Amino acid sequence: MADFDQELDASGLNCPLPILRAKKTLAGMSSGQILHIIATDPGSVKDFDAFSKQTGNELLESKEEGGKFHFMIKKA
Amino acid sequence: MEDKKLAIIATKGSLDWAYPPFILASTAAALGYETQIFFTFYGLQLLKKKLHLEVTPLGNPGMPMPMGMDKWFPVLGLALPGMQGMMTTMMKQKMKKKGVASIEELRELCIEAEVKLIACQMTVDLFDMDQSEFIGGIEYAGAAAFFEFAGESDICLYV
């Protein structure tokens, strides 16, 4: 797993909370920093992809590991 | 890039139908949309300070029921006193268990994200409601005001 600056554990949260929490966390970060998000909602895979495309925050990595979904997002 | 705009009309005042407007508005705001929700008729219940939203199995054949009740339980039985309250409690428990946000939480997230909430003045008058019943920070307006924003919107939804 690559390095990251902040981590957000959105395990157990359902749509749209992982996205909303991620947005809020990113708002407190600076450009170029990386946020690692952990989620259990299977819908979050497509959602974070769409979030990244629409907000310009780059999705560096999206993978499933140990029954959880991990996302690396670089703040634009 | 100019922000995209989302306009929503919320017309329903039940627990289940409270979700679409608040989920979509909060998510849109997170995606950078400028968002407005216009609350009219029963949708005004979603702006009350204290929410008393319930879900009803009546007239709702698509509602999944516990123990497969939708298959064998007589429809008239669903009209029994206390049934709606029971269904509401069960629905809320299920939502909590599944990590679904409460309406109070989603509404708060919308307000935080500067989603503009507008109450239909005509319906407020029609139902003899008082502005003191509603949360602060909302606007009161009519159809023309809605079109001013909706006319420029990229997405416009009626819920």
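See the structure printed just above.
This one's a predicted model, so the numbers in the text were calculated from it and none came from an experiment.

Visitor: Would you mind showing me how to read the overall build of chain A here?
Guide: If you tally the helices and strands in chain A, you get two helices and four strands. Its helices and strands taken in sequence order, chain A reads β-α-β-α-β-β from the N to the C terminus. Summarising its shape, the C-alpha atoms of chain A cover approximately 30 × 25 × 20 Å along the three principal directions. The buried share among the 76 residues of chain A stands at 30%.

Visitor: Help me understand the pairing of strand β4 (residues 68–74) of chain A in this model?
Guide: By the bridge criterion, six bridges tie strand β2 (residues 34–39) of chain A to β4(A) in an arrangement that is antiparallel. Note on β4(A): the bridge partner recorded for L35(A) is I73(A).

Visitor: Just to check I follow, could you spell out the sheet that holds strand β1 (residues 6–10) of chain A for this structure?
Guide: All names here are of chain A. Strand order across the open sheet formed by four strands is β1-β2-β4-β3, with mixed pairing between neighbours. Pairing within the sheet leaves two strands with one partner each, and these edge strands are β1 and β3 (58–65). Each neighbouring strand pair of the sheet contributes to a mean axis angle of 15 degrees, computed without reference to strand direction. Both β1 and β2 contribute to a ladder of five bridges, which runs parallel.

Visitor: When you look at the packing of helix α1 (residues 17–27) of chain A against helix α1 (residues 15–30) of chain B in this model, what are you seeing that I'm missing?
Guide: Two quantities define a packed helix pair, namely the angle between the axes and the distance from one axis to the other. Taken N-terminus to C-terminus, the directions of α1(A) and α1(B) make an angle of 35 degrees; their axes are 9 Å apart at the nearest point. For the pair α1(A) and α1(B), the sense of crossing is left-handed. Only S26(B), T27(B) and A30(B) of α1(B) make contact with α1(A), whose side of the interface consists of I19(A), L20(A) and K23(A). Taken together, the residues that form the contact of α1(A) with α1(B) break down as three nonpolar, two polar and one charged.

Visitor: Would you take a moment to explain the sheet that holds strand β2 (residues 34–39) of chain B for this structure?
Guide: Adjacent strands of a sheet pair through backbone hydrogen bonds, lying either parallel or antiparallel. All names here are of chain B. On the basis of which strands lie adjacent, the open sheet formed by five strands has the order β4-β3-β2-β1-β5 and parallel pairing. Each edge of the open sheet carries a strand with a single partner, namely β4 (139–141) and β5 (155–158). With direction set aside, neighbouring strand axes in the sheet form an average angle of 20 degrees. Sheet topology places strand β3 (residues 116–120) next to β4; three bridges connect them, and they run parallel. From the neighbouring strand, C120 faces β4, where its bridge partner is A141. Here α1 sits on the sheet in contact with β1 (5–10), β2 and β5, set at roughly 165 degrees to β1. Contacts from helix α6 (residues 143–150) reach β1, β2, β4 and β5, with the element oriented near 150 degrees to β1.

Cut-offs and rules
- Residues numbered from 1 in each chain as written.
- Chains lettered and ligands numbered in written order.
- Predicted model: local features only at pLDDT ≥ 70, side-chain atom pairs only at ≥ 80, totals over all residues.
- Helix = DSSP H or I, 4+ residues; strand = E, 2+ residues; numbered from the N terminus.
- Buried ≥ 20, exposed ≤ 12 C-beta atoms within 10 Å, placed from the backbone.
- Pairing = 2+ DSSP bridges.
- Axes fitted to C-alpha atoms, helices over the stretch in contact; angles between N-to-C directions.
- Left-handed = near helix turned anticlockwise from the far one by under 90°.
- Contact = placed C-beta atoms within 7 Å.
- Nonpolar A, V, L, I, M, F, W, Y, C, P; charged D, E, K, R; others polar.

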